[in-house]
Amino acid sequence: MWIRGIISSHLGVPGHRILFTEHHQSHAAAAFLTAPTRRAAILTTDAVGEWATLSVGDGERLANGSTTIRHFREIRFPHSLGMLYSTFTAYLGFKVNEDEYKVMGLAGYGRPTLVEQVRKLIHRTPDGAFALDLDYFEFHTTAERSYSLRFIDLFGTPRRPYEVINLDTTEGQRFADCAASVQRVVEDTLVEIAQSLHQETGLPDLCLGGGVALNGLANARILAESGFECVFVPPAPGDAGCAIGAALYADRIWFKNPDRDVPDHPFWGPTVDGSELARLAHDDDHVVEEFEDGTLIEQIADDLAAGLIVGWMEGALEFGPRALGHRSILAAPHSVEMRDRLNREIKYREPFRPFAPVVPIEVASRYFNLPPGGTRLSRFMSGVFPVRDEWLSRLQAITHVDGTARVQAVDAGMAPRLHALLEAYGRRSGMPVLLNTSFNLAGEPIVNRAVEGYATFLRCGIDVLVAGQTRVMKRSLPVARARVEKREEEVA
Ligand SMILES: [Fe+2]
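Starting afresh in each chain, residues are numbered from 1 along the sequence in its written order. In view of the model being predicted, local features appear only for residues whose pLDDT reaches at least 70, and side-chain atom pairs are presented and counted only at 80 or more, with totals across whole chains, interfaces and linings using the full set of residues. The basis for every side-chain value is the complete set of heavy atoms in the structure, and neither hydrogens nor water enter the calculation.

Engineer: What is the right way to look at the pattern of salt bridges in this model?
Structural biologist: Between side chains of opposite charge, pairing is possible as soon as their charged atoms come close. Any carboxyl oxygen of Asp or Glu that lies within 4 Å of a side-chain nitrogen of Lys or Arg is treated as forming a salt bridge with it. Across all of its chains, the model carries 35 salt bridges by this definition. Between Arg-61 and Asp-261 there is a salt bridge, and its shortest N-O distance comes to 2.5 Å. Linking Arg-61 in strand β2 (residues 52–61) with Asp-261 in the loop between α9 (242–254) and β8 (267–271), this pair joins segments that are 200 residues apart in sequence. For Asp-463, the salt bridge identified is with Arg-341, shortest N-O distance 3.2 Å. With Asp-463 in the loop between α16 (450–459) and β18 (464–467) and Arg-341 in helix α12 (residues 336–347), the pair connects residues that are 122 residues apart, well separated along the chain. Where helices and strands are cited, they refer to DSSP runs of H or I of at least four residues and of E of at least two residues respectively, numbered from the N terminus.

Engineer: It is not clear to me how the coordination of the iron ion should be interpreted in this structure. Could you clarify?
Structural biologist: Metal coordination angles in their ideal form are 109.5 degrees for the four-donor tetrahedron and 90 or 180 degrees for the six-donor octahedron. Surrounding the iron ion are the protein donor atoms His-23 (NE2), His-27 (NE2), Asp-46 (OD) and Asp-239 (OD), at 2.1 to 2.2 Å. Sites may look incomplete because water is not among the atoms; the donors themselves are N, O and S atoms within 2.8 Å of the metal, or within 3.2 Å for Na, K and Ca. Geometry is assigned from the angles between donors: four donors with all angles from 85 to 135 degrees make a tetrahedral site, four or six donors whose opposite pairs exceed 155 degrees while the rest stay between 65 and 115 make square planar or octahedral sites respectively, and everything else is labelled irregular. Of note is the iron ion, whose 4 donor atoms meet at the metal with angles of 88 to 170° in an arrangement that counts as irregular. Every donor residue of the iron ion comes from the same chain, spaced as H-x3-H-x18-D-x192-D. Linking His-27 in helix α2 (residues 23–33) with Asp-239 in the loop between β7 (230–232) and α9, this pair joins segments that are 212 residues apart in sequence. Given a relative accessible area of 48%, Asp-239 falls into the partly exposed group. Between buried and exposed lies partly exposed: a residue is buried under 20% and exposed over 50% of the maximum accessible area for its type, with that area taken using a 1.4 Å probe on protein chains only.

Engineer: Quick question: what am I supposed to make of the packing of helix α7 (residues 170–201) against helix α8 (residues 216–225) here?
Structural biologist: When two helices pack together, their arrangement is given by the angle between the helix axes and the distance between those axes. With axes taken as lines fitted to C-alpha atoms, and helix axes fitted only over the stretch in contact, angles between N-to-C directions fall between 0 and 180 degrees. Two numbers describe how α7 lies on α8: the axes approach to 9 Å, and their chain directions differ by 35°. For the crossing formed where α7 meets α8, the hand is right-handed. On α8, the residues touching Gln-183, Arg-184, Glu-187, Asp-188, Leu-190, Val-191, Ala-194 and Gln-195 of α7 are Leu-217, Ala-218, Arg-221, Ile-222 and Glu-225. In terms of residue class, the contact of α7 with α8 is built from 6 nonpolar, 2 polar and 5 charged. Less than a right angle of anticlockwise turn of the near helix away from the far helix marks a crossing as left-handed, whereas a clockwise turn marks it as right-handed. The criterion used for residue contact is that any of the two residues' heavy atoms lie within 4.5 Å. Here the nonpolar group is Ala, Val, Leu, Ile, Met, Phe, Trp, Tyr, Cys and Pro; Asp, Glu, Lys and Arg are the charged ones; every other residue, Gly included, is treated as polar.

Engineer: What is the right way to look at the sheet that holds strand β9 (residues 287–290) in this model?
Structural biologist: Within a beta sheet, neighbouring strands are joined by backbone hydrogen bonds and run either parallel or antiparallel to one another. With mixed pairing, the 8 strands of this open sheet are ordered in space as β9-β19-β18-β10-β12-β17-β13-β16. The sheet is open, and its two edges are formed by β9 and β16 (408–410), each paired on a single side. Between one strand axis and the next, the sheet turns by 25° as a mean value, whatever way the strands run. Two strands form a pair only when DSSP identifies at least two bridges running between them. Relative to strand β12 (residues 327–331), strand β10 (residues 310–313) runs antiparallel, the two sharing 4 bridges. Residue pairing for β12: Val-310 is matched across the bridge by Leu-330.

Engineer: Hey, could you run me through unusual backbone geometry in this one?
Structural biologist: Glycine aside, the phi torsion of most residues is negative, and most peptide linkages are trans. Phe-77 connects to Pro-78 through a cis peptide bond whose omega is 5°. Counting through the fold element by element, Pro-78 comes out in the loop between β3 (67–76) and α3 (81–91). Residues other than glycine seldom take positive phi values, yet Glu-50 does so here, at roughly 45°. On the secondary structure map, Glu-50 appears in the loop between β1 (39–49) and β2.

Without other data, these values stay purely geometric and don't point to any function.
Shown next, in the form of C-alpha cells:
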C-alpha cells in the first residue's frame, strides 16, 4: 500500500511518475532483454512474486526496433517450486530464501531414495502445471513454519540449525537423501514444463529467470533434455535482477523505445582502484609492487603455481550472486589440501560445499563434459556439469563429491585479464583451470572497493592481493619477509 509513497519520498519524484511492473514481468524482462537472442521462449520460476510462482511466455525483438514480451500462463501461490525447495531448506536447518544453494550442495552427497515421498507433496495437474498438497505445508498460513506435522511424519525429525551434518551417520545420510530427492523432483518438474514450452513455441532459445534459475543442476538438465538448443540465464536471475528487468521493461515495452543490445557481461558495479590498495598496504609495511599489465599476469600465474592463494580484484564489481572473475579468490584447483585450506583459513564453511572452477571458454569442453550449448550456460556459472574422468585426479579441489562442477567458461571479450591469467597459469601447470570462489568471508558480502578487499586479506589466509596493477604480498610470508628485511638492510 505504501510502496509508491516510500519510493516517491526517497527519490524525490512525484508518485504518478512511478511505473510498476509485475514481479514475474521483471524476471522475464531481465532474462530475455539481457540475452543475446532476438526471439526466445521465457520461463520464470521463484518462490512467489505478487501471486505468481512460475510463468511461461515468449519474447521477440523485431527488425523494426520494437519489442514484445508475451505472457502465456502462470502458476499461483501457494503452488510453488521455490516454496517446495525452501520448505526443505527450512527442514534441513538452513536459512530460507538464502541457503537454498546449500541444499543443492548437500544433494550431491545423497541418493534420491525419498523421491516417492516428495512426490506426495507435489503432483502434476492435467493442464501441465503442478499443485502442492497443502496438508504438508504451513508457509501459506503462517510465517513461523514452512512445513506441517504431516511433513515430519513423512520425512522424520527435522535438523536443528546448530547440529553438524555428519554424513557417516544414518541421520546425516537421511538429510542428504532428502536434499537429493527434492532436487530430483524439482529438476524433473522443470524439465517437463520446459519440454512442453519447447513444443508449444518451437523456438530454439530459452531464457530462464527467477531465483530457481540459480539451480545449476536443474539448468543443465533443462539444456540437455528439454529440446531447447540454447538456454540463457542472466548473471542475476533472482530478485536483485528484477531492478534491471523492471527498467528494461519500462524502456522497451512501456515507452516503446527502440531495441538496443544490452552488453553481455555482469560488470555493472564500482571500479576498483589499485592505487588505493597501494596506499593502504604500504602504510602497513606489506610488500607492495606495481606492475605493467603483462608482467602482473605472469607474476600472479607464478604465485598460483607456487600454491599461493590470490585475492583478485579487477575492474567493475559483478552484479549478481556469483563471483565471475572481478572479485574472486583464486587458487590452484588440483588438490584436496587446497580445498580444505580454503575452507579452514578463508571461507570458514561447511566442508560439503564445493568450490567452482574457471576455465577459458575455448578449452572448457576438454576438462568438463559440456553438452551443446553448455558453454553459454557456463558464461555466468549457471550450469553444473561433470568433470571429465581423465582430469578428476588433477581437479580435486573443484570437483563436487558427485563428480560435477559449477563451471565458469570465460570469454576473453568479457574478462580479458582473467582469461590471460588462466592461459599464463596453463603454461605453468599444463592446465588452464583455476579454483574461483567469491572474495568474501563466510557471512559477509562480497568485497567491493580496494579497502574492503584489503581488510578481508588481513583477516584470513589469502597470501597475495591484486587490485588493478597493484600486487600486495602478506608480510608474514617467508619470501615477502626476506624482501622486507633486505630492503630494511639497504635503508640502514
Ligand atoms: Fe522473484
